[in-house]
Amino acid sequence: MLDVQAHLPVLIVTIPLICGVLTIATGKGWKPWAWATAVTGTVFYLTILLMQQVLASATGVVSYELGNWPRQWGIEYRVDALNAFILLIVAGVGFVTTVYAKKSVEKEIPADRHNFFYAVWVLALCGLLGITVTGDAFNVYVLLEISSLTVYALIAMGKDMHRGALTASLRYLILGSVGASFILLGIGYLMMITGTLNMQDMHERLMSVPGILESRTVLVAFAFLLVGLSMKMALFPLHMWLPRAYTYAPSAVSALLAATATKVGVYMAFRFLFTIFGVSFSFIAMPTTLVLATCASVGIIVTGVTAIRQTNLKRMLAYSSVGQLGYIVLGFSLANVNGVAGSVAHILNHALMKGGMFMALGAIVYSQGRCDIRSVRGLGRKMPLTMAAFTVGGLGLVGFPLTAGFISKWYLVQGCLERPHMWPLAGVVLIGSLLAVVYTWRVVEAAYFQEPDDDRPIAEAPLLMLIPMWLMIGASIFFGINATFTGKIAVTAARSLLGVGP
Amino acid sequence: MMFDLSPPLLAIYIPLVGALLIALAGRWPNLREALTLGTAGALLYTVASIVPKVLAPNFWAAYAKAPPLRLIEVLPDVFLELKVEPLGMVFALIAGSLWVLNSLYSIGYMRGNAEKHQTRFYVCFALAIASVMGLAFAGNLFTLFVFYEMLTLTTYPLVAHKGTAEALRSARTYLGILVTTSVCFLLAGIIATYAYTGDLAFKQGGVFTRALADGSLTAPTLGVLFILYMYGIGKAALMPMHRWLPAAMVAPTPVSALLHAVAVVKAGVFSVVKVIIYTFGPLTLISAGQGSWLIFMAGATILIASFIALFQDNLKRRLAYSTVSQLSYIIIAAALLSPLSLMAATLHIAAHAFGKITLFFAAGSIYTASHKTEISQLDGIGRRMPFTMGAFTIGALSMIGLPPTAGFISKWYLLSAAWETEYVFVIVVVVLSTLLNAAYFLPIIYRAFFRAPPPPGSAHRADHGAFAEDPEHPLDHPTAADGLFGDEADHSHAHGTGAHGEAPWPMVVALCSTAAVTVAFFFYSDLAIDLATQLRKGLLP
């Protein structure tokens, strides 16, 4: 009998990898969906077990060596509070969006391709989970490619193979590949100079060998990684692939990507900047804080203003996602406990809010075939639950108290105030939330206070869409009212990343 | 603690449950309105039951030791918590008692004008009151902020109620200013307070003493924090953050009356006074030499707003600017930082409420009965609506501060405090503003009672003008009221444009009651003065 508890880290990757491929053979109708739901549900359960294991372990780290090869030779999967948390988010959101996907996919994707769709879907999740669980730099790249290639395919399946979806996917393919090559080059240089691919070992060599941090190889590796990762995270101004991709992708895919893909990019940045290069190099020797905080702040403002001007609501949320990512980057660029904790907390909070909001838009597309600002007029009465979910999610983006967004803002603003001479960044965070008021309120106003263009009866979304949507939104409220769990995990993760004692 | 049913919590739960029941009863208007009245009554009873505890002689001795009522730990060490003190008690008592009368008034107004979406209106109203109760009993800054924002959100649908382009535009201004100030300044101030002191609780003497003593906070930084708070509390309508209040006048009159003359604006000045007393501490501010600018800003607001009010022909707008000016009376009193002046601020929160709600009630009943909104249309209206205009006169006298009305009491305390602290500026401002108040209220009364009503033909035009300004309003509206007031409505319609009488009886009852309270407050202000005295006792070391 296989001991599940002992093999959790690797099962989280292998189960979706194998089962994802098998999805193709599940046939037609509801079966691929049921299979994918079962697989993602299992993985979600395993991540919960893994989280418990990490919290219970004395060191706070669960290390797993693949095939019992020592970590110098083989691949090590290494899970601490931070990636257990991210795994939980990715697997949880993955499971809920899979449940949600059924109705939306039936409407948006030809019936004969459902098995392929769900196969690619599960593989994409496999890649994202793999990046998060691994402690091996090259393994990160391999799994990054798995997730990227599958995501390109998912985006290209956009509504009726819409031409926009194909070009959006191609654009993402090109930019994503450039980003991935930068990351690969960075990893290559690092391996060249440290002679290892294990993240822990890399860090130890970088710290112990004298003069190594001043070498040009390390500097170039750092620069390549920073740019590559920024591209994957969609940090302004390297976000150009994201708005189109989210707009034209199938609704369920937009929800999944918004909640997980860029977040995993951020996680990679955590690992490379904090775990491998270390705080003293990344944030003290290098002007990373200046570069990232500037990009993030400009990004928050510019994308906020751009979001206000969009009429397509999916595109609006896409721009908003870039802005919200700005918060996450701004937080960790401060390199202090509150900043990084705000960043970690916002990964969860934004995933829940934005995932839920994209689901609401998916429901609108389901009932009306489109989701621009005109099509939501008067929807507050016709689809009350969907619009309520969107509104509550929007309030979260604004950061109203008792929503999850407030929690992130609380930590972020404190982080900004703690850094001397960085208080204007607190202003950026707060002004960003005002821009969020403007773009969500346009929708709220249209939905609740304007009359619809025609009197076609519009039915509320099916339950199978409403339940996952409200699970996400409900969770975002729950983590806004009781953030002691998020707060503790975020602060623990921040302390371990920064190397400050608990 | 979430299911604890002690009175302060109950005061939040009752309107919340009320809102739910009202929403469920949406299809049966009579039941819905009965529920509104019942909820308001139950709330008033609950709030009143807390009063003896606050007036107890050993209240302050117990206050410092008593643990707050903790609802939930939102962030590590940051709780949603409640704690009762005299200032909050005054505020909750006013909002609770006026909600009963205002509900009665709303029923008359909403039916008399055949407004749409009435269920949404009553639900949001109850939710707003729940937020007000949470705000009044908030035990720390975080809780205050939570309910402050909830109040903004729940009143937004009331301002946007009509759904016309103008209503939406005004509602945008409303939300825009209130959210911008609260998020950019108030929240920043709260987070900075937490960063400097790690303590958000409301304490006698404030929370900054230790940080100031050990040098981690300097006096100028304290001054910056003070600015963040004063301008962050946009609901206090300190200029230039006052624009939302005239914009909010687009709402149905009951909303303007209770929320934008009493609950919301008082939530603002209440927060200002609360923050000055319990977060900064008057003595800390005096010893750090910060905050005296507020006297001058508030003084300027009083005069400028009164001056603008002089030139408003729209009755509700004139009242709105009068509110802006009266709110700054409270701010100026609080800014004087003496025990007597803080007592004056507390009393004026109460005194202004009764007078101003009467004035708005009168404006709403004029609109319901005759559809007149402009002051220039009011010639001779006192003859047709003697009760309404009589009440209006009492309200106006209270605003001017003449005996025998409530306004006199608080003005008395304010002037005493100004003499005591030797701020001549304040005395000059109060005198000038009294003259301005008289200048913009007395002509309305003169017009209503002493000018002859216009001949029928021109009245018709005037009425027509009123309709044209309100295109959303159906011409045959009054008869659409659901039965209860059908008679009055028919009557006013049948006799054509000129010959209207009083508004529906629930409105007249409500406005006469508030007028009576305004006068009664002059003779029997013991409760308010006792509470204010209790507040003052807490200030003296």
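Heads up: the structure comes first, above all this text.
Residues numbered from 1 in each chain as written. Chains lettered and ligands numbered in written order. Predicted model: local features only at pLDDT ≥ 70, side-chain atom pairs only at ≥ 80, totals over all residues. Heavy atoms only, no water.

J.: Account for the overall build of chain B, naming residues and giving values.
T.: Looking only at helices and strands, chain B features 23 helices and two strands. By principal-axis analysis of the C-alpha atoms, chain B measures approximately 75 × 50 × 40 Å. Scored against the burial criterion, the 541 residues of chain B give a buried share of 64%. Of the contacts made within chain B by residues no fewer than 6 positions apart, 80% connect residues no fewer than 24 positions apart. Within the structure as shown, chain B displays about 18100 Å² of accessible surface, and the carbon and sulfur contribution to it stands at 68%. (Helix = DSSP H or I, 4+ residues; strand = E, 2+ residues; numbered from the N terminus. Buried < 20%, exposed > 50% of the residue type's maximum accessible area, 1.4 Å probe, protein only. Contact = heavy atoms within 4.5 Å. Areas by Shrake-Rupley, 256 points an atom, 1.4 Å probe, with all protein chains shown as cover.)

J.: Give a detailed account of the overall build of chain A, specifying residues and quantitative values.
T.: Looking only at helices and strands, chain A has 20 helices and two strands in total. A compact globule built from 502 residues would reach a C-alpha radius of gyration of about 23 Å, and chain A, at 21 Å, matches this within 12%. Principal-axis analysis of the C-alpha atoms places the extent of chain A at approximately 75 × 55 × 40 Å. Within chain A, the fraction of its 502 residues that count as buried is 65%. For chain A, restricting intrachain contacts to residue pairs at least 6 apart in sequence, the fraction spanning at least 24 positions comes to 79%. Counting only carbon and sulfur atoms, one obtains 68% of the accessible surface of chain A, whose full area is about 17100 Å². Looking at charge distribution, chain A has the averaged site of its 32 positive side-chain charges lying 6 Å from that of its 21 negative ones. (Rg over C-alpha atoms; globule rule 2.2 N^0.38 Å. Lys, Arg positive; Asp, Glu negative; His and termini not counted. Charge placed at Lys NZ, Arg CZ, Asp CG, Glu CD.)

J.: Can you explain the pairing of strand β2 (residues 78-82) of chain B? Please cite residues and give values.
T.: Moving residue by residue along a regular strand, the side chains alternate between the two faces of the sheet. Residue and element names in this part refer to chain B. Most of β2 is tucked away, with five of its five residues classed as buried. Neither face of β2 is exposed, since V78, L80 and L82 on one face and F79 and E81 on the opposite face are all buried. Pairing of strand β1 (residues 69-75) with β2 involves five bridges; the strand directions are antiparallel. Its bridge partner lying in β2, R70 is registered against E81. The loop that links β1 with its antiparallel partner β2 comprises two residues; one of these, D77, has a positive phi angle of about 70°. (Pairing = 2+ DSSP bridges.)

J.: If you had to explain empty space enclosed by the protein to someone new, which residues and values would you point to?
T.: All names here are of chain A. The final tally for this structure, using the stated rule, is five cavities of 30 Å³ or more. Lining of the largest cavity is provided by 14 residues; of these, L128, S147, Y172, K232 and A261 occupy positions nearest its centre. Of all the secondary structure elements, the ones that give two or more residues to the lining of the largest cavity are α4 (114-133), α5 (137-156) and α10 (251-277). Broken down by element, the lining of the largest cavity gets its largest block of residues, five residues, from α10. In terms of residue class, the lining of the largest cavity is made up of nine nonpolar, four polar and one charged. (1 Å grid on protein atoms, 1.4 Å probe; cavity = no way out; pocket = protein on both sides within 12 Å on 5 of 7 lines; lining within 4 Å. Points joined across faces, edges and corners; volume = space filled by probe spheres on them. Nonpolar A, V, L, I, M, F, W, Y, C, P; charged D, E, K, R; others polar.)

J.: Pulling in residues and values, what's your account of the nonpolar core?
T.: If you look at the biggest cluster of nonpolar residues, it comprises 402 residues, and the most contacted ones within it are A:W121, A:F270, A:F274, A:F332, B:M89, B:M133 and B:F441. Looking at this core, the element that brings in the most residues is helix α15 (residues 339-370) of chain B, giving 20 residues. (Core = buried A, V, L, I, M, F, W, Y, C linked by side-chain atoms within 4.5 Å.)

J.: Can you lay out the pairing of strand β2 (residues 76-80) of chain A for me, pointing to particular residues and giving the numbers?
T.: All names here are of chain A. Within β2, four of the five residues are buried, which leaves the element mostly enclosed by the surrounding structure. Bridge analysis of strand β1 (residues 61-65) against β2 gives five bridges, and the strand direction is antiparallel. Directly across from V62, in β2, lies its bridge partner V79.

J.: Quick one: what's the story with the layout of surface pockets, residue by residue and with numbers?
T.: Estimated volume of the largest pocket: approximately 1400 Å³. The set of elements that each furnish at least two residues to the lining of the largest pocket consists of α15 (379-382), α16 (384-398), α18 (423-449) and α19 (463-481) of chain A together with α1 (7-24), β1, α5 (118-136) and α6 (141-159) of chain B. Top element by residues in the lining of the largest pocket is α6(B). It accounts for eight residues. When grouped by side-chain class, the residues that make up the lining of the largest pocket number 34 nonpolar, four polar and three charged.

J.: Talk me through the pattern of salt bridges; I want residue IDs and the actual numbers.
T.: Residues and elements named next belong to chain B. Applying the stated criterion across every chain, the model contains nine salt bridges over all chains. The salt bridge involving K274 is made with E85; its shortest N-O contact spans 2.9 Å. Of this pair, K274 sits in helix α11 (residues 253-280) while E85 sits in the loop between β2 and α4 (86-112), and the two are 189 residues apart along the sequence. Under the relative-accessibility criterion, K274 is labelled buried at 1%. (Salt bridge = Lys/Arg side-chain N within 4 Å of Asp/Glu carboxyl O.)

J.: Explain the environment of A:A446 to me, using residue names and the numbers behind them.
T.: Residues and elements named next belong to chain A. Take A446: it is sitting in helix α18. The sequence separation of A446 and S63 amounts to 383 residues, and the corresponding C-alpha distance is 52 Å. Every residue in contact with A446, bar those within four places of it in the chain, is listed here: I373, V376, R377 and G378.

J.: Before we move on, can you summarise unusual backbone geometry with the specific residues and values?
T.: Omega for the bond connecting A:F236 with A:P237 falls within 30 degrees of zero, at 0°, which places this linkage in the cis form. For A:P237, the position within the fold is in the loop between α8 (216-233) and α9 (242-248). Cis peptide bonds are those with omega within 30 degrees of zero, and the linkage from B:M239 to B:P240 qualifies with 5°. In this fold, B:P240 is placed in the loop between α9 (219-232) and α10 (244-247). Of note, A:H421 is a non-glycine position whose phi angle comes to about 60°, a positive value. With respect to the helices and strands, the residue A:H421 is situated in the loop between α17 (404-418) and α18. Of note, the phi angle at B:L337 is positive, near 65°, even though the residue is not glycine. Tracing the sequence through the fold places B:L337 in the loop between α14 (315-335) and α15.

J.: Before we move on, could you go through the side chain of A:S169 and cite the residues and values that matter?
T.: Residue and element names in this part refer to chain A. Checked against the element boundaries, S169 lands in helix α6 (residues 163-194). Judged by its relative accessible area of 8%, S169 falls in the buried class. Not counting the four nearest positions on each side in its chain, S169 is found in contact with Y152, I155 and A156.

J.: Describe α8(A), and please don't skip the residues or the numbers.
T.: Compared with an ideal rise of 1.5 Å per residue, which puts 18 residues at 26 Å, α8(A) spans 25 Å between its outermost C-alpha atoms and is within 8% of the ideal. Turning to α8(A), its buried residues number three or more, namely A:V218, A:A221, A:F222, A:L225, A:L226, A:G228, A:L229, A:S230, A:M231, A:K232 and A:M233. (Expected span 1.5 Å × (residues − 1).)

J.: Lay out the packing of aromatic side chains in plain terms, naming residues and giving numbers.
T.: Taken as a whole, this structure holds 47 aromatic pairs over all chains when the rule is applied. Considering the side-chain rings of A:F274 and A:F332, the 6.3 Å spacing of their centres and the 70° angle between planes classify their relative orientation as edge-to-face. Here A:F274 is found in helix α10, whereas its partner A:F332 is found in helix α13 (residues 313-333), with 58 residues between them in sequence. A relative accessible area of 3% places A:F274 in the buried class. According to the relative accessible area criterion, A:F332 is buried, its value standing at 0%. Measuring from ring centre to ring centre gives 6.0 Å for B:F226 and B:W293, while their planes differ by 75°; the resulting arrangement is edge-to-face. With a gap of 67 residues between them, B:F226 in helix α9 and B:W293 in helix α13 (residues 293-310) connect regions that are remote in the sequence. (Phe/Tyr/Trp six-rings, centres within 6.5 Å; stacked < 30°, edge-to-face > 60°.)

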